[in-house]
Amino acid sequence: DDLSFPDGVISLAARQGGRENGLSFDVDQLASERHHLLFGLEYRVNNSFLDQVVPTADETITSNPTLRSTLAYAGDTWTLGRRLELAATARFTDTYIVPSDGAPYSVAALDPHASLVYHLGGKFSLRAAFDHTTVAPKPLEADRADTANPAPFVSLAPETTNVQTYPFEGSGR
């Protein structure tokens, strides 16, 4: 409770939690002296819940979504010479969202990653990298019912971004 609010005391009773179960499989191996392979699979199920009551605002917020996520990725780092490496990876993600109130929907994406590294001797290197990332809605974004501010259900689009980096890297002290 906070007595400083203009309308008096704010009271809140809330219960929130979740459970995430999953299984993943990753392989990281040298296929030859010039190829370093990475690949893997992951499956997760996320069950979340939120129940809030704000008596002074006459508001009840509820949420109880289930998200089933699948991830598959594959990549290779090619050593092109003593100083040069090229890496490429593809990630496939699919999240099936089952809201407590609304139609289930799916968010899927294929995201690329690429980088080029030039080694400057044994301790330093220059890298240029590109990464596209797609993130499905989080559980409490995908499903939320508010009695004080009711809104119709809509499926949410994923967040996406493109990141380009050009670092100077070093190792050691």
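The structure this text deals with has already been given above.
One structure accompanies this document, and this report is about it. Keep in mind that this is a model prediction, so the values were computed, not measured.

A closer look at the overall build of the protein
Argument step 1. Check the secondary structure of the protein and you find 1 helix and 10 strands.
Argument step 2. Starting at the N terminus and walking to the C terminus, you meet the elements of the protein as β-β-β-β-β-β-β-α-β-β-β.
Argument step 3. Counting only C-alpha atoms and orienting by the principal axes, one finds that the protein spans roughly 70 × 35 × 25 Å.
Argument step 4. For the protein, the proportion of its 173 residues judged to be buried stands at 22%.
Argument step 5. Put simply, of all contacts in the protein between residues at least 6 apart along the chain, 57% involve residues at least 24 apart.
Argument step 6. On the protein, the mean spot of the 13 positive side-chain charges and the mean spot of the 22 negative ones are 15 Å from each other.

A few points about the pattern of salt bridges
Argument step 1. Under the counting rule described, the total for this entry stands at 5 salt bridges.
Argument step 2. D131 is the partner of R91 in a salt bridge, and the nearest nitrogen-oxygen pair spans 3.0 Å. Separated by 40 residues along the polypeptide, R91 in strand β5 (residues 84–98) and D131 in strand β7 (residues 124–135) bring together distant segments of the chain.
Argument step 3. Judged by its relative accessible area of 24%, R91 is partly exposed.
Argument step 4. Salt bridges here are not isolated pairs; linked through shared partners, they connect E20, E42 and R44.

A word on the packing of aromatic side chains
Geometrically, a pair of aromatic rings is defined through the distance of the ring centres and the angle of the planes.
Argument step 1. Under the criterion given, the structure shown has 1 aromatic pair.
Argument step 2. Between the aromatic rings of F124 and F168, the centroid separation amounts to 5.4 Å while the plane-to-plane angle is 10°, which identifies the pairing as stacked. Here F124 is found in strand β7, whereas its partner F168 is found in strand β10 (residues 168–170), with 44 residues between them in sequence.
Argument step 3. Relative accessible area serves as the criterion here: at 40%, F124 is assigned to the partly exposed category.

Details of a nonpolar patch on the surface
Argument step 1. On the surface, Y118, L120, F124, L126 and F168 cluster together into a nonpolar patch covering about 480 Å² of accessible area.
Argument step 2. Note on placement: Y118 falls in strand β6 (residues 105–120).

Rules used throughout
Residues numbered from 1 in each chain as written. Predicted model: local features only at pLDDT ≥ 70, side-chain atom pairs only at ≥ 80, totals over all residues. Heavy atoms only, no water. Helix = DSSP H or I, 4+ residues; strand = E, 2+ residues; numbered from the N terminus. Buried < 20%, exposed > 50% of the residue type's maximum accessible area, 1.4 Å probe, protein only. Contact = heavy atoms within 4.5 Å. Lys, Arg positive; Asp, Glu negative; His and termini not counted. Charge placed at Lys NZ, Arg CZ, Asp CG, Glu CD. Salt bridge = Lys/Arg side-chain N within 4 Å of Asp/Glu carboxyl O. Phe/Tyr/Trp six-rings, centres within 6.5 Å; stacked < 30°, edge-to-face > 60°. Patch = residues over 30% accessible without salt bridge, like charges linked within 9 Å, V, L, I, M, F, W, Y side chains within 5 Å. Areas by Shrake-Rupley, 256 points an atom, 1.4 Å probe, with all protein chains shown as cover.

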